[in-house]
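Spelled out, the chains give:
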Amino acid sequence: MTWFRAITSVARVVGRRVPSQGRPYVSRAAVFPLQNREFHATVYKPQAQAAPVPRPVPLSRLSDSFLDGTSSVYLEELQRAWEADPESVDESWDNFFRNFVGQAATSPGISGQTIQESMQLLLLVRAYQVNGHMKTKLDPLGLEERQIPEDLNPELYGFTEADLDREFFLGVWRMSGFLSENRPVQKLRSILARLEQAYCGSIGYEYMHIADRKKCNWLRERIETPIQTEYNRERRKVMLDRLIWSTQFENFLATKWTTAKRFGLEGCETLIPGMKEMFDRSADLGVENIVIGMPHRGRLNVLGNVVRKPLRQIFSEFSGGTKPSDEVGLYTGTGDVKYHLGTSYDRPTRGGKRIHLSLVANPSHLEAVDPVVIGKTRAKQYYSNDEDRTKNMAILLHGDGSFAGQGVVYETLHLSALPNYTTGGTIHIVVNNQVAFTTDPRSGRSSQYCTDVAKALDAPIFHVNGDDLEAVVHVCELAAEWRQTFHSDVVVDIVCYRRFGHNEIDEPSFTQPKMYQVIRNHPSTLEIYKSNILKSGQLSQEEIDAIQKKVNTILNEEFEASKDYVPQRRDWLSAYWTGFKSPEQLSRVRNTGVKPEILKNVGKAITTLPENFKPHKAVKRIYDQRAHMIETGEGIDWALGEALAFATLLVEGNHVRLSGQDVERGTFSHRHSVLHDQATGEQYCPLDHIMINQNEEMFTVSNSSLSEFGVLGFELGYSMENPNSLVLWEAQFGDFANGAQVIFDQFLSSGESKWLRQTGLVVLLPHGYDGQGPEHSSAKLERFLQMSDDNPFVIPEMESTLRKQIQECNWQVVNVTTPANYFHVLRRQIHRDFRKPLIVMSPKNLLRHKDCKSNLSEFDDVQGHPGFDKQGTRFKRLIKDRNDHSDHEPSIRRLVLCSGKVYYELDELRQGSS
């Protein structure tokens, strides 16, 4: 029996008694009208009359079922039994009577507190925990007029003015905060005052949707503290310093470049000190690397003040900048606007530690960077052996309109707990402008808050007034502690405003005249905090002026230095990428053949199953056939050719990761990389057992969620971390790539040109009209060919020693014809000193085609074997027709170049006509 059942019963009692007194009870549905979901421009609707006051009823008079359907007589009998011998009743009832009856009897200050009153008080406390956020002062502009839920009114529970100075005992077994069983006796007035402070101040907490009691109790312990959190003088001085940096950075840019678009942070300057405190706390809790993704707004401020990109470099970019010098093989690409760029630096923390920060470059497509950041974070965890996922963390910043409106947000959230995609929790920070470009919230979402989508993941949500610096810092630190404790997502919603509209040259009064009338007269967050800290007496005006002078001096010094600033190196190469060549540096063709004995050994390993393992009989037959192929060296099919490529790369020490919808078995039931015991359901992956003591994540094959945009973005981010990994994403059908077009357009095809970021990601797109209908027939080959280069009229250099066509294009597009060529094109992705995306038009009917076979000798590097030349064995761009036409060569008038299934169909037709 839990206390919640008791509360529910009392709620039913109260609900039934109210109508009997002739006054309509306000239903919960009326408390949250749909039109009140925005922060501003809402209509306040006060209740027409006060809530009824039910009178306390002795237990013997209760006629309704109470506490799990038992009667009041039964309850009284339990009470008498407990008074005679506490051990004669269940432990839950012992705690119930000990807290409410026993405490009332033994505490002299508690007069006449009935069990019903105790239940009503618990209901009131719970109402604050559930709906207290509806009463918080979130909007810094004061335009918010939300209806206060009636269940926050003490009168609804029978409490009157006369009860305010009565003492009550609060306490429930296995609960924390106000409901902790060892809470002291308090007057109702002080209980209500502390509830208001905790739940209705500048922070609105949403966590009661979380089913896990341990998590809720953890939060209650930090929210329902006996006294409010207070910062000491030194902490406040640090916060003020960081707020001054945030504010004066924007003011400086506005002064020097008055007409430049910079998407400044004015109106949410507290983001910078909040993020810094979050990073400091994270570092104290063991975080060593943070990967950040964010939209335009505030990006330059985050780059300069949080990530610590040199201010002179930022100022240089505003002035047009100078291209890097003194670098061999210089490649500058097309570049991008400064508020899309990323970087990475090490920065010290307040606690004396160092933390590495990476800000990922992203396009104008808001939220598209979300899964990329998560994938990069997961890769960092793999390469640093961060099995607990406590050293590497992702932080995503969002706008209020995009967080509610962009589907990729949910796709990314939904990856958070999947075994092969989880990163141990992401901290989401919403910079809530209360308007999306020009669209009001009432037109931009159907939910109360823009963050409601996160409730599907049981993530706690902390709404906070962006003008309250200390409240912002508090929830940012709390979010870091939550992530490191429970390894799950958490959301910080900073409710703020944009002082200058969508960008600095926009006119927001066209569409939000009332809001911007208020904004024009609204003091800045810095002015508000300076006033508060001066009133507290902790800092003097002279100390504040000294900080401001220091910041201004540094900004001006950096501006002068920016005039002669010349970048000396590219910051896009991490240690893993050292030595890899740019498109301006010639890369030679590498041998991708493998020694025959290695092929035989790995071939045996990937076709051998444990003795006691009982696979499906059809799968067993497939593996027996594969073992025969390896033994004879003949008839290697598509799936085995792929498995050999994976296995040989693993033996060479490379990480291999394949993900997508149904990739473990394969859409067309050809891969069978994960087998299932038909008796026990146990799984076995042969590629996990190539070597002794092989890291179980070294080869990862994983069915993904039913997402293209999110999962492809994840794998792209994963592939960007380390070049020594083969990362593949396979679409269920080629046309499914449509759902991830933003990733193809804005990241994969153009990322190297815009941001100097290389990736060797492989994309497998099943392609071909094979009875699957018009949609599934095409992977839209023409789109990928069109996006391969930007100039169709330039003939590439064909001299092999000078050829850089592949390095200079956006990606490679292949329609492979033989299993051996598929083997070599996959291995070629790793055996190069540059990286380039690979788009594969994967076959369907060739997977089991009788003629689409290769011999094992085409995979090795033995001189004299098919495919071997002076550069070894490698991917063939041209395969000679296997039919001998030497006798007919003089009469040949037409040469047909074809690839993939077309060759086999033409060959079959030719053989039939001969």
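By convention here, each chain's residues receive numbers from 1 onward along its written sequence. Confidence filtering applies because this is a predicted model: local features only for residues at pLDDT of at least 70, side-chain atom pairs given and counted only at 80 or more, and all residues used for totals across whole chains, interfaces and linings. Side-chain metrics rest on all non-hydrogen atoms present in the structure, leaving aside hydrogens and water.

## Some words on the overall build of the protein
By definition, any uninterrupted DSSP run of H or I lasting at least four residues is a helix, any uninterrupted run of E lasting at least two residues is a strand, and each is numbered from the N terminus. Regarding its fold elements, the protein presents 29 helices and 20 strands. Each residue gets one of three labels from its accessible area relative to the maximum for its type: buried under 20%, exposed over 50%, partly exposed in between, using a 1.4 Å probe on protein chains only. When burial is assessed residue by residue, the protein has 56% of its 914 residues classed as buried. By definition, residues are in contact when any of their heavy atoms lie within 4.5 Å. Considering only intrachain contacts with a sequence separation of at least 6, the fraction spanning at least 24 residues in the protein is 79%. In the form shown here, the protein has an accessible surface area of approximately 39300 Å², with 50% of it arising from carbon and sulfur atoms. Computed with a 1.4 Å probe, the accessible areas rest on the Shrake-Rupley method; for each residue, only the protein chains presented here act as cover.

## Describing helix α11 (residues 370–383)
Taking 1.5 Å per residue, 14 residues should reach 20 Å; α11 reaches 21 Å between its end C-alpha atoms and fits that length. Counting buried residues in α11 gives 14 out of 14 residues, a clear majority hidden from the surface. Where α11 terminates, the next one or two residues include N385, which has phi positive at roughly 55 degrees. Take the number of residues in a helix, subtract one, and multiply by 1.5 Å to get its expected span.

## Focus: the confidence of the model for the protein
In this model, the protein carries an average pLDDT of 82, and 83% of its residues clear a pLDDT of 70 or more. Below pLDDT 50 for its whole length, residues 107–111 participates in eight contacts with residues either more than four positions away or in separate chains. pLDDT runs from 0 to 100 and stands for how confident the predictor is about each residue.

## Brief notes about empty space enclosed by the protein
Throughout, the protein atoms alone are placed on a 1 Å grid, and a set of points is a cavity if a 1.4 Å probe fits but cannot get out or a pocket if it is open with protein on both sides within 12 Å along at least five of seven lines; lining residues have an atom within 4 Å of a point. Grid points are joined across faces, edges and corners, and a volume is the space filled by probe spheres set on the points. The tally for this structure, following the rule as stated, stands at seven cavities of 30 Å³ or more. Along its surface, the largest cavity is lined by 13 residues, and R626, A643, R671, S673 and L687 are the ones closest to its centre. For the lining of the largest cavity, the secondary-structure elements that each account for two or more residues are α20 (617–632) and α21 (638–651). Ranked by residues supplied to the lining of the largest cavity, first place goes to α21 with four residues.

## Observations regarding the environment of M119
Checked against the element boundaries, M119 lands in helix α4 (residues 115–131). In this structure, the C-alpha to C-alpha distance between M119 and Y157, residues 38 residues apart in sequence, is 9.2 Å.

## Focus: the packing of α21 against helix α28 (residues 819–828)
Orientation is described by lines fitted to C-alpha atoms, with helices fitted over the stretch in contact, and by angles between N-to-C directions that extend from 0 to 180 degrees. Direction vectors running N to C along α21 and α28 enclose 30 degrees, while the axes themselves pass 8 Å from each other. With respect to α28, the element α21 is oriented roughly parallel. Where α21 crosses over α28, the handedness of that crossing is right-handed. Facing W638, G641, E642, L644, A645, F646, T648 and L649 of α21, the residues of α28 in contact are P819, Y822, F823, L826 and R827. Residue polarity is assigned by list, with Asp, Glu, Lys and Arg as charged and Ala, Val, Leu, Ile, Met, Phe, Trp, Tyr, Cys and Pro as nonpolar; anything else, Gly included, falls into the polar class. Split into classes, the residues belonging to the contact of α21 with α28 amount to nine nonpolar, two polar and two charged. Here the word oblique covers every angle except those under 35 degrees (roughly parallel), over 145 (roughly antiparallel) and from 65 to 115 (roughly perpendicular). Two helices crossing with the near one rotated counterclockwise from the far one by less than a right angle form a left-handed crossing, whereas a clockwise rotation gives a right-handed crossing.

## Some words on a nonpolar patch on the surface
To count toward a patch, a residue needs a relative accessible area over 30% and no salt bridge; like charges are then connected within 9 Å, while nonpolar side chains (Val, Leu, Ile, Met, Phe, Trp, Tyr) are connected within 5 Å. Any Lys or Arg side-chain nitrogen located within 4 Å of an Asp or Glu carboxyl oxygen qualifies as a salt bridge. Where nonpolar side chains cluster on the molecular surface, the patch consists of L878, L895 and L897 and spans about 420 Å² of accessible area. Within the secondary structure layout, L897 lies in the loop between β20 (872–873) and α29 (901–913).

## Observations concerning the pattern of salt bridges
Throughout the structure, instances matching the rule amount to 37 salt bridges. E543 is the partner of R233 in a salt bridge, and the nearest nitrogen-oxygen pair spans 2.3 Å. Taken together, the residues R233 in helix α7 (residues 233–256) and E543 in helix α18 (residues 541–562) connect sequence positions 310 residues apart. R233 gets classed as partly exposed once you look at its relative accessible area, which sits at 29%. Two residues, K563 and E560, come together in a salt bridge whose shortest N-O distance is 3.3 Å. Each of R235, R242, E277, D280, R347, R350 and E477 takes part in one network of salt bridges that share partners.

## A word on the sheet that holds strand β14 (residues 699–703)
In this description, strands pair whenever DSSP reports at least two bridges between them. If you walk across this open sheet you meet the six strands as β14-β11-β15-β16-β18-β17, and the pairing is parallel. Looking at strand neighbours, the two that pair on one side only are β14 and β17 (812–814), the edges of this open sheet. With direction set aside, neighbouring strand axes in the sheet form an average angle of 15 degrees. Note: β17 against strand β18 (residues 838–842), three bridges, orientation parallel. Bridging across to β18, Q812 finds its partner in L838.

## Focus: the sheet that holds strand β10 (residues 490–495)
Taken together, eight strands build an open sheet; the order of strands is β3-β9-β10-β8-β7-β4-β6-β5 and the sheet is mixed. Because the sheet does not close on itself, it has two edges, and the strands there are β3 (203–206) and β5 (343–348). For this sheet, the mean angle separating the axes of adjacent strands, direction not counted, is 20 degrees. The pairing of strand β4 (residues 289–293) with strand β7 (residues 392–399) spans five bridges and is classified as parallel. Residue G293 lies in a different strand from β7, and its bridge partner there is L396. Along the sheet, α11 contacts β4, β6 (354–359), β7 and β8 (426–432); its crossing angle with β7, the most-contacted strand, is approximately 175 degrees.

## Observations concerning the packing of helix α17 (residues 525–536) against α18
α18 packs onto α17 with a crossing angle of 145 degrees between their chain directions and a minimal axis gap of 10 Å. Contacts between α17 and α18 involve L526, K530, I533 and L534 from the first element and Q541, I544 and Q548 from the second.

## Concerning the nonpolar core
Counting residues in each nonpolar core, the largest one holds 103 residues, and the members touching the most others are L271 and F315. Apart from the residues lying within four places of it in its own chain, the contact partners of F315 are F249, F252, L253, W257, L555, E558, F559 and S562. Take the buried Ala, Val, Leu, Ile, Met, Phe, Trp, Tyr and Cys residues and link them wherever side-chain atoms come within 4.5 Å; each set so joined is a nonpolar core.

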